[in-house]
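Structural features, examined
Single-letter residue listing:
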Amino acid sequence: MLPFATWAAGLDAGVTATTGISGSSELAPTNVKDILNVRGFEPLARAALPPAHFGYLATGIDDDRTLRRNEDAFSEYEIRARRFIDLSRVDTSTTVFGAHWRTPIYFSAVSAMRAFHPDGEAAVARAAASRSAQLMVSTGSSVPLEQILTQRGAPVWQQLYPTDDWTVTRELVRRAELAGADAIVLSVDSTATAGARNSETLRRAARVDKRDCTACHVGNRHDMWLRAPLFAGIDVSQVKGLAPPGLTLEWVDRLRGLVRGKLLIKGIVAGEDAQAVVTHGADGVIVSNHGGRNEETLRATIDCVAEVVAAVKGRVPVFMDGGARRGTDVFKALALGASGVGIGRPQGWGLAAFGQEGAEAVLDIYARELEAIMRQAGTPTIAAIGARAVLHRGAA
Ligand SMILES: Cc1cc2nc3c(=O)[nH]c(=O)nc-3n(C[C@H](O)[C@H](O)[C@H](O)COP(=O)(O)O)c2cc1C
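Right, let's walk through the structure included here. All residue numbers here refer to positions counted from 1 along the written sequence of the relevant chain. It should be noted that, the model being predicted, local features are given only for residues of pLDDT at least 70 and side-chain atom pairs only at 80 or more, the latter also being counted only at that level, while totals for whole chains, interfaces and linings use all residues. For side-chain calculations, the full set of non-hydrogen atoms in the structure is used, while hydrogens and water are omitted.

Between rings of Phe, Tyr and Trp, where Trp is taken as its six-membered ring, a pair exists when centres lie within 6.5 Å; planes separated by under 30 degrees are stacked, by over 60 edge-to-face, and by other angles tilted. In this structure the tally under the stated criterion is 12 aromatic pairs. Ring geometry for Tyr 56 against Phe 116: centres 6.1 Å apart, planes inclined by 20 degrees, an arrangement best described as stacked. Of this pair, Tyr 56 sits in helix 3 (residues 51-58) while Phe 116 sits in the loop between strand 4 (105-107) and helix 5 (120-130), and the two are 60 residues apart along the sequence. Relative accessibility under 20% of the residue-type maximum defines a buried residue, over 50% an exposed one, and the middle range a partly exposed one, all with a 1.4 Å probe and only protein chains included. Tyr 56 gets classed as partly exposed once you look at its relative accessible area, which sits at 22%. With a relative accessible area of 2%, Phe 116 lands in the buried category. In this structure an aromatic cluster arises from ring pairing among Phe 97, Trp 101, Tyr 106, Trp 157 and Phe 319. We note Arg 293 situated over the ring of Tyr 56; from NZ or CZ to the ring centre the distance is 5.2 Å. Numbering of helices and strands runs from the N terminus; a helix is a DSSP stretch of H or I covering at least four residues, while a strand is a stretch of E covering at least two. Ring-over charges, as used throughout, are those where CZ of Arg or NZ of Lys falls within 6 Å of the ring centre and within 35 degrees of the ring normal.

Remember that side chains alternate between the two faces of the sheet whenever the strand is regular. Burial along strand 9 (residues 284-287) is two-sided: the face carrying Gly 284 and Ile 286 and the face carrying Val 285 and Val 287 are both buried. Bridging between strand 8 (residues 262-268) and strand 9 involves 4 bridges; their strand directions are parallel. The partner of Ile 268 across the bridge, within strand 9, is Val 287. For the handedness criterion, the strands are oriented away from the viewer, and a crossover whose path from the first strand over the helix to the second runs clockwise is classed as right-handed. As for the winding sense of the linkage, the β-α-β connection from strand 8 through helix 12 (residues 271-279) to strand 9 is right-handed. Judged from the 3 bridges that link them, strand 9 and strand 10 (residues 318-321) form a sheet pairing that is parallel. Its bridge partner lying in strand 10, Val 285 is registered against Val 318. Taken together, strand 9, helix 13 (residues 302-312) and strand 10 form a β-α-β motif whose crossover is right-handed. Here, strands pair whenever DSSP counts at least two bridges between them.

The rule is simple: put a 1 Å grid over the protein atoms alone, call a set of points where a 1.4 Å probe fits but cannot get out a cavity, call an open set with protein on both sides within 12 Å along at least five of seven lines a pocket, and count a residue as lining if it has an atom within 4 Å of a point. Grid points are joined across faces, edges and corners, and a volume is the space filled by probe spheres set on the points. Applying the stated rule across the entire model yields 4 cavities of 30 Å³ or more. Its volume calculated, the largest cavity comes out at about 380 Å³. In terms of lining residues, the largest cavity is bounded by 27 residues, among which Ala 109, Val 110, His 290, Arg 293 and Gly 344 are the most central. Residue composition of the lining of the largest cavity, grouped by class: 8 nonpolar, 13 polar and 6 charged. Gly counts as polar in this scheme, as do all residues outside two lists: the nonpolar Ala, Val, Leu, Ile, Met, Phe, Trp, Tyr, Cys and Pro, and the charged Asp, Glu, Lys and Arg.

Okay, structure coming up:
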């Protein structure tokens, strides 16, 4: 485990107040097995990381209210437990695009994970391998995709910020598919399309970070992105942004023509958009607001799931991410029609605190909690978690 850093105490109140660590009452456990729930890793990550790196992991946008809504809105759904069901065998596994997943929980794209642990994405890939979990690799991964695939030993999903230069888009997709990514995940939320975002929690944290960061942070944010290993050897001299200025459905058509494997669209929060991308050839839709890191809409992703599922009408699977911190949250998303649930920050917390072991423990805790609620709610299989398994608070 990484040593606890003494500067942790110096974090300014803004970071503490806006990121919140409720429920993480364990007092500095030193053994991964002592962590009670995934939130228990958050204070350890805070202590293990330089303030700016923790701020990067933690930040939302503006006042972080969408980030908190993502988490809190799960509490608006109640689980409707059933009795008299044979629970002698409870099976959390599922099949997605023909692949066997031990649970419906996957690692969503998180960029620059070497900021959280020296092994970064390689450690997460090993954790995904040991737990048979799906891994979505960020365009901004700090470990080359080829190395990640070696550690994972199975196809990954490659998240795509395509840039505004089609030649670069083509090279990125070709590289990812050649390396062994069997799905390209186009992110359409505003990190890519709108550029600047007001990450105040990050900025507050960076302010108290007194290290000299110039060895790693060369140039501006744009330059940093283009120095990610996925861009190595690709001429990025004409790139002005991480997405085309007009990321229209016609542009999606063009990408569809390029991608040989599955094409998923990440960042959908409205039924009309879901319907449109399916019509334009998407093989899957991911309900996401980027973990509340882009736009302060206050609309939680769990509240968008039913709308998107209804719009897609079963033609393709719908996944979701944002704020899931408990097995019961995963259960609720599945009941609302999701085929899988992505996790972002918790993998960073586990990784920062305990490396590969921490990322594994995070998956284990979600799996254990999911299995528990499946048993308690009388739903012995993932398929059994139907729409009647949850109610919105107050609904009959
Ligand atoms: C530090 C960090 C970096 C992220 N990087 C990316 C990225 O490169 N591409 C992307 O599509 N999403 C990225 N995301 C968003 C996640 O994939 C996911 O949508 C979100 O974190 C889910 O919410 P959660 O953190 O509450 O679980 C990032 C999230 C975090 C916290």
